[in-house]
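Chain and residue survey
One-letter residues, chain by chain:
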Amino acid sequence: MLHLQLNKLPPTCKATIFSKILPSNFYPFFSTSTNSLQITPNTLQNDSKDINFDLIFQSCTKLAHAKCFHTLLLASEQSQNTYFAAKLIHLYAYFDELSLSCKTFNQIQNKNVYTWNFMIATYVHKNCFHEALHCFNTFLKSGFHPDFYTFPPVIKACRSLIDGIKLHCLVLKLGFEFDVFVGASLIHMYSKFRFVGDARKLFDEMPTRDCGAWNAMISGYCQNGNVVEVVDVVDEMRKEGVVMDGFAAASVLSVCAKLRDVLVGRLIHLLVIKLGLEFDSFVCNALIAMYAEFGSLGSARKVFDHMVVRDIVSWNSIIAAYEQNNDAVSARFFFDEMLRVRMQPDLLTLVSLASIVARLNDHSNCRSVYGFVLRRGWFVEDPVIGNAIMDMYSKLGLTDSARAVFEILPIKDVISWNTLITGYAQNGFASKAIEVYNLMEECADVIPTQGTWVSILPAYSHLGALRQGMKIHGLVIKNSLYSDVFVGTCLIDMYGKCGKLDDAMSLFYEVHRKDSVPWNAIISCHAIHGHCENVLKLFREMIGDGVKPDHVTFVSLLSACSHCGSVSDGQRYFHMMQEEYKIKPSLKHYGCMVDLYGRAGELEMAYKLIKNMPITPDASMWGVLLGACRIHGNVELGKYALDRLFEVDSGNAGYYVLLSNIYATAGKWEGADNMRALARDRGLKKTPGWSSVEVNNKVDVFRTADKTHPKYEEIYKELIKLTAKMKILGYVPDLSFVLQDVEEDEKEHILMSHSERLAIAYAIISTPPKTQIRIFKNLRVCGDCHTATKYIARITEREIIVRDSNRFHHFKNGICSCGDYW
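In this text, all values refer to a predicted model and were calculated from it rather than measured experimentally. Residues take numbers from 1 onward in each chain, read along the sequence in its written order. Per-residue local features of the predicted model are confined to residues with pLDDT of at least 70, and side-chain atom pairs are confined, for both listing and counting, to 80 or more; whole-chain, interface and lining totals are unaffected and use all residues. Water and hydrogen atoms were dropped before computing side-chain values, which therefore reflect all heavy atoms in the structure.

**A look at the overall build of the chain**
- The number of helices and strands found in the chain is 45 helices and eight strands.
- Between buried and exposed lies partly exposed: a residue is buried under 20% and exposed over 50% of the maximum accessible area for its type, with that area taken using a 1.4 Å probe on protein chains only. Within the chain, the proportion of its 822 residues that are buried is 50%.
- It only takes one pair of heavy atoms within 4.5 Å for two residues to be counted as in contact. Of all intrachain contacts in the chain linking residues separated by at least 6 positions in sequence, the fraction that spans at least 24 positions is 63%.
- All accessible areas in this document rest on Shrake-Rupley with a 1.4 Å probe, and a residue is counted as covered only by the protein chains that are shown. When the accessible surface of the chain is summed, it comes to about 39,200 Å², and 53% of that surface belongs to carbon and sulfur atoms. Starting at the N terminus, helices and strands are each numbered in turn, a helix being any DSSP run of H or I of at least four residues and a strand any DSSP run of E of at least two.

Now the structure itself:
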C-alpha cells in the first residue's frame, strides 16, 4: 500500500516568538490565551525605538503572527511607516490574505511611489492581473509618476497586446526605454503575444544588456519554438563574453525537448558542464525533462544520480520521465524512494502517481491516491489533479468512480469533460459518452477542443451514429481543425466504421499522411470491410511514401488476411514484421494469427502457435481458439481451450456459453446444459446481444425478443411477412443456431426474434423503399441471420450493411460481401 502522510503543521503561535525581540517591560502585556498583544499606544510610544521590527517580521511564520505584528505596528504608531507597511502587505499576501493586504495599503495615509509599486507587485505575484492594472491606473490618477520599478510587474500583468503597446508608449514618454529591467519586461511581453520580431528589435536597440535581457530574448524564442534563433542568441552571448546562467540553459534545453533536437540538446549539455552548471538543480531538472522527451531514460537517470541536491521538482521530473515512457515499474520505484528520503509529494507527484497506478492496473492503491488528494484539498486548487484521478479510474475500468470524481470537481474545464467522455468510450459505454457530450454542449463556458472531437468520434463510430458523426465533422470544419491529423484520423475511422468507406478514403487523401496514424486508420477500415486486396494495396502505397509501418499497421494487415482466409499472405506479413521491421509480436499479433488459422480450419496449427509462443497467452488467445472450435465443431480441443481459459479468466460468462454452443451444435444437450448451469452457479451473466439502427437522426437499440419498442407489433408483423416470402424463395431456417432444447416451431420464432432482424424490420417500415439500411451489432451475427439477411436484401431490393463485432457484411441482391467466410 502507498504510505502517503500529510506534512506536519508548523507550531502554533506562542508568546516566545516575541520574547527575544521585545523589551522585557513588554512581556506582561502579551496574552497567550488570546494570542495577541495586550498593550496600549502609550506603552510603546517612547520605547518603539528599542523594538527590532525587522526581526519580528522574520519571525512571523503564521497568519496569527502577522496579525500580532500588525497590532504592534498600530500600538507603536508605526503603521504609517511606508517601509513597515510594505512588509505587512507582503506578509498578508504570503499567507494568501490578499484582502488584508489591500486593507493595509488603503489605510496608509501618505502613500508614495514605493508603496504603490509594492501593492502592484503583490497583485501580480498573486496572479491578480486585472487588479494590478486597476491599481496602476489609480496610481497614475493620483498624480504620481512611475519609476523603473513600476513597469516590470505592470507589463507582466498585460492581458492583451493593446495594453502592452500603451505601456510601451508610456515607457518611451518617461524615458525608461533603455532601463535593462523595463526592456527585458517588454521583450517578455511581445514574445508572449507571439510578436517575437518586435521583441528582437527591442533587444537589438538596448545600449546595455545584462543577463536578464539575454534570458528574456532566449525565453521569447523558446516560447515561440524558434530553436535556430535560440542557438544564434547563445552564440552571440558567447562572443560578447556573457556567461550563460542556469535559467538560460534550462530555457534552451526545454526548446530542444519540444523540438526533439537530440544533437543540440547534447551540445547544450556539454556547454552546461563546461560552464560548471551541471550541479545546478534548475538545469538538472531541465536535463531530465529533455532526456525523457528523447526517450533516453539512461541519460535522465545519470543526471538524477549525480545531483547533489534534489528538490521536489527533481523527483517529479524523474518519476514523470519513466511514467511518460511507459516504464511504470521504475516510476513507482522512484516514488517509493522519494518517500523513503522523506520528500513529501506535491500535486504534480500525484498526477504522475495516478497514471502509474493505472498503468500497473493497481486496483488496491487507486483509492489511496484518491483519498490522499481529498485530504490535501487539491481538487479545489487545480482541476489538473481531478482530471488525473478521473483518467486513472477510467483506465482501471471504474467508470462509476470516475463519474463520481467528475461530479465533485469544483471547476470542470474542457479537459475534465474530455476525460470523462474518453473514459466511457474506451470502456465500451458509447451511449454514456454521447450523453456526457450532450451535457457539455449545454455549458456555454466550455468550448470544445481537438481533444473533445477525438474523444467523442469513437463513441459515434461504436454505435454507428453516422448523422451525429457528420455533425461533428461540420463543427471540425467550422473550428478550422480540419487539417489536424488526429481529428482527421478519427473522422476517417468514424466514416469507415459507419460503412461510408468512400467518404473515409476522400478524407484520407486530404489529411497529412507523413506518419503511420492515418494509414493505420484507413487500412483498418478496409480490413473490417473484408477488402483484402485494398488493404495490401494501401500497405504498398504506405511503404512507397516512405512511411514506416508500426505494430498497429501489422495488426490490421493480419486481421485483413484473416477475414479473407489468406493464410499464406498472413504468414508472409507476420514474418516480414519481425525480420524486416524488427517489430516484436504482441498478443494482438499472435491473436490475429490464431484467428487466421482457426477460420481456415487449421486448428492444429493454431494450437501449436499458442503452445510455442514466447509470451504467455492470455484469455483472448484461448477465446479465439475456442471460437474456431465452435465454427468447426471440434469439441475436444474446445474443451481443452476452455480449461485453459478457466486458469486465466474464469469470470467471463461468454466462454462458458461458447463451449455450451459447441455441445449444442453437436447435439450434446447434456453438456450444453451443464456448461450453462456452471456459469449460473458462479453468478456469471453473458453479455446481452443488441443491434442498433439510425432512423430519422435517432439511434434505436434492439435486444433479442425485444417487445419494449413502441412499434414492436408492426415490427413482428413485418418479420412474419418477410419470413413467408423468404420461404417461397427457398429459405430454410437453420435451427442448429438455436441453442435451447425446445420445439422446432419455438426455435423458428427465436431465430426471427434476433436483435438484428428486429432492427432490419424496423428500418424497413420506417424508411422509403430501396433506402440503404445500416445495422450495428455488438456480437457476431449468427449463421441463420446471415442467410436471412441475404434473402431480405433480395426481396426488398435494398442494400443492408451489418457491422458485427468482427467485420462488415454488405448484403445486396442476395449476396454478402464476405462470401460467406466470416
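Now that the structure is up, let's keep going.
**Thoughts on the environment of Leu609**
- Structurally, Leu609 is set in helix 37 (residues 603–611).
- Taking the C-alpha atoms as reference points, Leu609 and Gly591, separated by 18 residues in sequence, lie 9.7 Å from one another.

**Overview of the sheet that holds strand 4 (residues 698–703)**
- Here the rule is simple: two strands pair whenever DSSP picks up at least two bridges between them. Strand order in this open sheet of six strands is 4-3-5-6-7-8, and the pairing throughout is mixed. The open sheet is flanked by strand 4 and strand 8 (815–816), the only strands paired with a single partner.
- Its contacts with the sheet place helix 44 (residues 755–766) against strand 3 (690–695), strand 4, strand 5 (773–777) and strand 6 (800–803), and it is angled at close to 15° to strand 3. Axis geometry follows a simple rule: fit a line to the C-alpha atoms, using only the stretch in contact for helices, then measure angles between N-to-C directions, giving values from 0 to 180 degrees.

**Section: the pairing of strand 6**
- Burial of the side chains of strand 6 extends over both faces: Ile800 and Val802 are buried on one face and Ile801 and Arg803 on the other.
- Where strand 5 and strand 6 come together, four bridges link them in parallel fashion. Note that in strand 6 the partner of Arg774 across the bridge is Ile801.
- Where the polypeptide runs from strand 5 across helix 45 (residues 783–796) and back to strand 6, its parallel neighbour, the crossover connection is right-handed.
- Remark: four residues form the turn of the hairpin made by strand 6 and strand 7 (residues 808–812), two consecutive strands paired antiparallel. The definition of a right-handed crossover adopted here requires that, viewed with the strands pointing away, the path from the first strand over the helix to the second runs clockwise.

**Some thoughts on a nonpolar patch on the surface**
- Surface patches are defined over residues having more than 30% relative accessible area and no salt bridge, joining like charges when they lie within 9 Å and nonpolar side chains (Val, Leu, Ile, Met, Phe, Trp, Tyr) when within 5 Å. The term salt bridge refers to a side-chain nitrogen of Lys or Arg lying within 4 Å of a carboxyl oxygen of Asp or Glu. Judged by side-chain polarity, Leu263, Leu267, Leu270 and Ile273 come together as a nonpolar surface patch covering roughly 420 Å² of accessible area.
- Note on placement: Leu263 falls in helix 16 (residues 262–274).
- For Leu263, a relative accessible area of 63% corresponds to the exposed category.

**Considering the nonpolar core**
- Ranked by size, the top nonpolar core spans 200 residues in total, and within it Ile218, Ile389, Met392 and Leu625 carry the most contacts.
- Sorting elements by how many residues they give to this core places helix 17 (residues 281–294) first, with nine residues.
- Setting aside its immediate chain neighbours within four residues, Leu625 contacts Val594, Leu603, Ala606, Tyr607, Ile610, Leu637 and Ala641. We define the nonpolar core as a collection of buried residues of types Ala, Val, Leu, Ile, Met, Phe, Trp, Tyr and Cys that are connected through side-chain atoms lying within 4.5 Å of one another.

**A closer look at the layout of surface pockets**
- Looking at the second largest pocket, its volume works out to about 450 Å³.
- Forming the boundary of the second largest pocket are 20 residues, of which Asn387, Ala388, Asp391, Lys395 and Thr419 lie nearest the centre.
- Residue assignment for the lining of the second largest pocket shows that the elements contributing at least two residues are helix 19 (312–324), helix 21 (347–359), helix 24 (383–395) and helix 26 (414–426).
- The dominant element in the lining of the second largest pocket, judged by the number of residues it contributes, is helix 24, at seven residues.
- For the lining of the second largest pocket, the residue count by class is seven nonpolar, ten polar and three charged. The distinction between a cavity and a pocket rests on a 1 Å grid over the protein atoms alone: a 1.4 Å probe fits inside a cavity but cannot get out, while a pocket stays open yet meets protein on both sides within 12 Å along at least five of seven lines, and a residue with an atom within 4 Å of a point counts as lining. Grid points are joined across faces, edges and corners, and a volume is the space filled by probe spheres set on the points. When residues are grouped by polarity, Ala, Val, Leu, Ile, Met, Phe, Trp, Tyr, Cys and Pro land in nonpolar, Asp, Glu, Lys and Arg in charged, and all others, Gly among them, in polar.

**A closer look at the environment of Asp804**
- Among the secondary structure elements, Asp804 is positioned in the loop between strand 6 and strand 7.
- Under the relative-accessibility criterion, Asp804 is labelled buried at 4%.
- Pairs of N or O atoms are called polar contacts if they sit within 3.5 Å, as long as, within protein, a hydrogen donor faces a hydrogen acceptor (for residues adjacent in sequence, only side-chain-to-side-chain pairs). For Asp804, the side chain forms a polar contact with the main-chain nitrogen of Val781, separated by 3.3 Å.

**Considerations on helix 13 (residues 211–223)**
- Between the first and last residue of a helix there are one fewer steps than residues, each counted as 1.5 Å, and that sum is the expected span. Relative to the 18 Å expected for 13 residues at 1.5 Å per residue, helix 13 spans 18 Å between its end C-alpha atoms, a close match to the ideal helical length.
- Taken residue by residue, helix 13 has Ala213, Trp214, Asn215, Ala216, Met217, Ile218, Ser219, Gly220, Tyr221 and Cys222 as its buried positions.
- N-capping of helix 13 is provided by Asp210, with a side-chain oxygen placed 3.2 Å from the backbone N of Gly212.
- Immediately downstream of helix 13, the backbone of Gly225 shows phi near 70°, a positive value.

**What about the packing of helix 24 against helix 26?**
- Running from amino to carboxyl end, helix 24 crosses helix 26 at an angle of 0°, the nearest separation of the two axes being 9 Å. Our classification of the angle between helix 24 and helix 26 gives roughly parallel. Contact residues: Asn387, Met390, Asp391 and Ser394 in helix 24; Ile415, Ser416, Thr419, Leu420 and Gly423 in helix 26. Each angle receives one of four descriptions, namely roughly parallel if under 35 degrees, roughly antiparallel if over 145, roughly perpendicular if within 65 to 115, and oblique otherwise.

**What about the pairing of strand 3?**
- Counted residue by residue, strand 3 has five buried out of six residues, so it is predominantly covered.
- Where strand 3 lies against strand 4, six bridges are found, and the strand directions are antiparallel. Bridge pairing links Ser692 to Val701 in strand 4.
- Between strand 3 and strand 4, which pair antiparallel and follow one another directly, the connecting turn spans two residues, one of which, Asn696, has a positive phi of 55°.
- Taken together, the three bridges between strand 3 and strand 5 define a ladder with antiparallel strand orientation. By the bridge assignment for strand 5, Val693 is matched with Ile775.

**Focus: the pattern of salt bridges**
- Per the stated rule, a full pass over the model turns up 22 salt bridges.
- In this structure, Arg301 and Asp305 form a salt bridge, with 3.2 Å as the shortest nitrogen-oxygen distance. Of this pair, Arg301 and Asp305 are both found in helix 18 (residues 297–305), four residues apart, which corresponds to roughly one turn of the helix.
- The class for Arg301 is partly exposed, based on a relative accessible area of 31%.
- Salt-bridge contacts for Lys770 lead to Glu797; the nearest nitrogen and oxygen are separated by 3.3 Å. Of the two residues, Lys770 is situated in the loop between helix 44 and strand 5 and Glu797 in the loop between helix 45 and strand 6; the sequence distance between them amounts to 27 residues.

**Some thoughts on a negative patch on the surface**
- A cluster of acidic residues, Glu743, Glu744, Asp745 and Glu746, forms a negative patch on the protein surface.
- Looking at the element boundaries, Asp745 is found in helix 43 (residues 744–752).
- Note on Asp745: relative accessible area 60%, which makes it exposed. Counted as positive: Lys and Arg. Counted as negative: Asp and Glu, with His and the chain ends omitted from the count. All charge positions are set by atom: Lys at NZ, Arg at CZ, Asp at CG, Glu at CD.

**Description of the packing of helix 18 against helix 19**
- Relative orientation of the contacting elements helix 18 and helix 19 amounts to 165°, with a least axis distance of 10 Å. One way to sum up the angle between helix 18 and helix 19 is to call them roughly antiparallel. Once helix 18 is placed against helix 19, the crossing between them reads as left-handed. Together, Leu297, Ala300, Arg301 and Phe304 of helix 18 and Ser314, Trp315, Ile318, Ala321 and Tyr322 of helix 19 make up the contact between the two elements.
- Grouping the constituent residues of the contact of helix 18 with helix 19 by class yields seven nonpolar, one polar and one charged. Take the far helix as the reference: if the near one is turned anticlockwise from it by less than a right angle, the crossing is left-handed, and if turned clockwise, right-handed.

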